[in-house]
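Take a look at the letters that make up each chain.
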2 protein chains.
Amino acid sequence: MARNDRKGVTIVDIAREAGVSIKTVSRVINREEGAGAEVRARVQAIIDKHDYRPNASARNLSSRRSYLIGVIFLRLVSHHYVGEVQAGALRAARRAGYQLVVEQVEAADGRFDLEAFAAVLANVAFDGVVLTPPLCDDQDVLAAVEAAGVAYVRMAPNTEPGRAPFVWMDDLEAAREQTLGLWDMGHRRIAFVGGPSDHRAAVQRREGYLQAMRERGVAVPAEWIAPGDFFGLSGFYAGEALLALDPRPTAIFAGNDEMALGVLAAAAKHGVAVPEALSVVGFDNAPAGEMSWPRLTTVHQPTAEMAEAAVEMLVKRFGDARFREQITEQKLDYRLVVRGSAAPPRG
Amino acid sequence: MARNDRKGVTIVDIAREAGVSIKTVSRVINREEGAGAEVRARVQAIIDKHDYRPNASARNLSSRRSYLIGVIFLRLVSHHYVGEVQAGALRAARRAGYQLVVEQVEAADGRFDLEAFAAVLANVAFDGVVLTPPLCDDQDVLAAVEAAGVAYVRMAPNTEPGRAPFVWMDDLEAAREQTLGLWDMGHRRIAFVGGPSDHRAAVQRREGYLQAMRERGVAVPAEWIAPGDFFGLSGFYAGEALLALDPRPTAIFAGNDEMALGVLAAAAKHGVAVPEALSVVGFDNAPAGEMSWPRLTTVHQPTAEMAEAAVEMLVKRFGDARFREQITEQKLDYRLVVRGSAAPPRG
DNA sequence: GAGGCATACGACAACGTTGTCGTTATCCGG
DNA sequence: CCGGATAACGACAACGTTGTCGTATGCCTC
């Protein structure tokens, strides 16, 4: 049989052996009130003796909950991001007795498979889902989740902050601070490598950079801002383009670490010493940035913490009605990570 | 209410509207035989009209299956590995209508929380689980999974290949080939950076390296083999140690890409040009190896494909008894990835 | 045309919980 | 000592499927 034939001890067996009704056993299991201390102890002892665990499907069917939280990605491509999100989400889910289900909306062939996503949503009966960027700004996805009546929290949404609870960090302020740090080292020609414009973080970081430069009274020439897509290769090309400028920038701020590593590779290829002749800083605190040489100065993005907070917000809404809280927003702190890839300019 | 109040259309509603029994609707849903073409079409039309989807919990309870496949990690630490595994597993799970649940055995505080794992196993009622290394060789974990009666597939197990179905790749042969490639370029002093000895892949790769050297009649001095732990930093230290040798190796083969990047960083720190003065090769084909300069020559490990195959093996065992297959082993192919970090030695 | 045998259904009982509500004891105040 | 509140249970019906088995119908065979 393909069936999951477990030990087969059910709530009925426990109840019979304890000489109580199944409802009382249920009360003990779920720590509900309405069971005396003595009965409670007796039932618990029998539960322990048989190592009885309630059947999840039956519980789900009866209580109309699944104890499943979905973490939805567009695709599982940026492994670092995916890993961080899951690590954080899993921490919170575990604490609350929920399981984490991974889903991606995009099909293997690259199509945006909304129909399949809706099917999953209906089939699995998630108690709640976490929508990661850029999905959390997609109208079709939001509509599908809402139509399915599933609670959701958005991670770093770009639009409609009032539409649903969300978690975020202040990318703009972090980028501003990162830029000012370069300025305070003495850099004046600071270039920027941007990210995809439909990505909130990318836009905010760029805005933070521009704001810092404006504050210092610098008009940023268009050629100082190179386009990128958050992948390393685009950083490499951006780096080559920026290094070809005359006068050459003394510092390059890449919108994320992957692109910063690309800039580093471009500098290595062209024999530009970092940080002596060029400072390079990134954003995200990806692990690869620790193994470059020089090690990458960056901003730590609290991705895991954001995911953890998101799941916690969901769980709080499922809880006992008396303690239920409806948190609508949570802001997490970033942290500047100073390593070796940025230094005062020479000459 | 915290309940998941869905649309509320059930199999009963469909049956009533179609003028058939619920069993017939069930037959249509599950493509069972025993329903005539005309009835089938009529029922399907009504299902489509109401966008009816069967309730997962009820189905699970009744059929004693959960349509949940667990992917179990020790911890979610190597993001690249985790991401690849999930990407592959998700592909296969989707095709078969299963959901992917992520679990880690190690608790947040670093303890090995077997009790919690057993609880999850019993609670969630996975139809099957995929055990990733090094969990797949842990006696306690194997015992727990077997005690719970859950089908499982092991990824790259180190021991007891007969105990359960598994997927693997030939790390030894790949490492041997990688080493011979360096030899054929003209390298004679080839050093190696090893990984943790409880990790099958690490041991096999080291063995492949040694075997290649033996085949070429080279006695490998002990100092040519530097210890590592698969993390980048250990590669950095290993690189520094190996570069200090006299005579210095002309090539360093790191047991994985992260450590290879560490070696690259050490070379950069000490002004050793790669690949002119030193060739460096890795293993895994991690994305970060593509953004180093020079780009890393490595071996592509088919992690995603292995995970995909593992889930497929599980699913095949759940299927219709008539077509059920019990595959016990599947070997995936590696692929050498030649990039810029290795070249013939000069002088 | 009788007998045998598929095929196409339906009735009904699981599956193992939780939710609702009723029924006892028990206690307390006046 | 009575009425009313409260706490501690139990009976029983959901929950929405799938599994088992019985039954009617049609068709083929000789």
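A brief structural summary. (Residues numbered from 1 in each chain as written. Chains lettered and ligands numbered in written order. Predicted model: local features only at pLDDT ≥ 70, side-chain atom pairs only at ≥ 80, totals over all residues.)

Below, the discussion takes up the overall build of chain A. A tally of helices and strands in chain A yields twelve helices and twelve strands. Relative to the globule expectation of 20 Å for 347 residues, the C-alpha radius of gyration of chain A, 26 Å, shows a markedly less compact shape. Structurally, chain A occupies a C-alpha span of about 90 × 40 × 40 Å along its principal axes. Buried positions account for 51% of the 347 residues belonging to chain A. Taking the contacts inside chain A whose residues are at least 6 apart along the sequence as the reference set, 70% of them involve residues at least 24 apart. (Helix = DSSP H or I, 4+ residues; strand = E, 2+ residues; numbered from the N terminus. Rg over C-alpha atoms; globule rule 2.2 N^0.38 Å. Buried ≥ 20, exposed ≤ 12 C-beta atoms within 10 Å, placed from the backbone. Contact = placed C-beta atoms within 7 Å.)

Our focus in this paragraph is the sheet that holds strand β7 (residues 225-226) of chain B. All names here are of chain B. Overall, parallel pairing links the four strands, which are arranged β7-β6-β8-β9 in an open sheet. The open sheet has two free edges, formed respectively by β7 and β9 (279-281), since each of these has just one partner strand. Bridge analysis of strand β8 (residues 251-254) against β9 gives three bridges, and the strand direction is parallel. The residue bridging F253 from the neighbouring strand is V281, located in β9. Along the sheet, helix α8 (residues 171-185) makes contact with β6 (190-193), β8 and β9, crossing β8 at roughly 170°. Seen against the sheet, helix α11 (residues 257-269) touches β6, β8 and β9 and runs at an angle of roughly 160° to β9. (Pairing = 2+ DSSP bridges. Axes fitted to C-alpha atoms, helices over the stretch in contact; angles between N-to-C directions.)

Here we come to the protein's contact with DNA strand C. DNA strand C sits among 28 residues. The nearest are A:I11, A:S26, A:A58, A:S62 and B:G36. The set of elements that each furnish at least two residues to the surface near DNA strand C consists of α1 (11-18), α2 (22-29) and α4 (56-63) of chain A together with α2 (22-29) and α4 (56-63) of chain B. Here the residues of the surface near DNA strand C are counted per class, giving twelve nonpolar, twelve polar and four charged. (Near = placed C-beta within 6 Å. Nonpolar A, V, L, I, M, F, W, Y, C, P; charged D, E, K, R; others polar.)

Moving on, we get to the protein's contact with DNA strand D. The environment of DNA strand D is formed by 28 residues, the closest being A:T24, A:G36, B:I11, B:S26 and B:S62. Going through the elements one at a time, α2 and α4 of chain A together with α1 (11-18), α2 and α4 of chain B are the ones with two or more residues in the surface near DNA strand D. Looking at the surface near DNA strand D element by element, the count peaks at five residues for α4(B). Among the residues forming the surface near DNA strand D, the class breakdown is twelve nonpolar, twelve polar and four charged.

What follows concerns the sheet that holds strand β8 (residues 251-254) of chain A. Residues and elements named next belong to chain A. Strand order in this open sheet of four strands is β7-β6-β8-β9, and the pairing throughout is parallel. Bordering the open sheet on either side are β7 (225-226) and β9 (279-281), each of which pairs with just one other strand. Helix α11 (residues 257-269) rests against β6 (190-193), β8 and β9 of the sheet, and its axis sits at about 160° to β9.

To continue, consider helix α7 (residues 139-147) of chain B. Residues and elements named next belong to chain B. Turning to α7, its buried residues are V141, L142, A144 and V145. The arc that holds every buried residue of α7, seen down its axis, measures 160°, which confines them to one face. Facing away from the buried side of α7 by more than 90 degrees, the exposed set consists of Q139 and A143. Structurally, α7 contributes buried residues whose contacts are with α6 (114-124), β3 (128-131) and β4 (151-155). Of the residues flanking the end of α7, it is G149, one or two places downstream, whose phi is positive at about 70°. (Arc of directions from axis to C-beta.)

For the rest of this paragraph, the subject is the relation of the copies chain A and chain B. Of the transformation placing chain A onto chain B, the axial shift is 0.0 Å and the rotation is 180°, giving an RMSD of 0.1 Å. Between the two chains, the operation in question is that of a two-fold axis. Using C-alpha coordinates, one finds that chain A approaches the rotation axis most closely at A:V101, a distance of 2.2 Å. In this assembly the copies share their binding face: 98% of the residues contributing to the interface of chain A also contribute to that of chain B. (Least-squares fit on C-alpha atoms with pLDDT ≥ 70 in both.)

Chain A puts 49 residues into the contact, and the matching count from chain B is 49 residues. Elements with a contribution of two residues or more to the side of chain A that touches chain B: α4, α5 (79-96), β2 (99-104), α6 (114-124) and α11 of chain A. Top element by residues in the side of chain A that touches chain B is α5(A). It accounts for eight residues. As paired elements, β2(A) and strand β2 (residues 99-104) of chain B share three bridges and run antiparallel to each other. Across the sheet, A:V102 pairs through a bridge with B:L100, a residue of β2(B).

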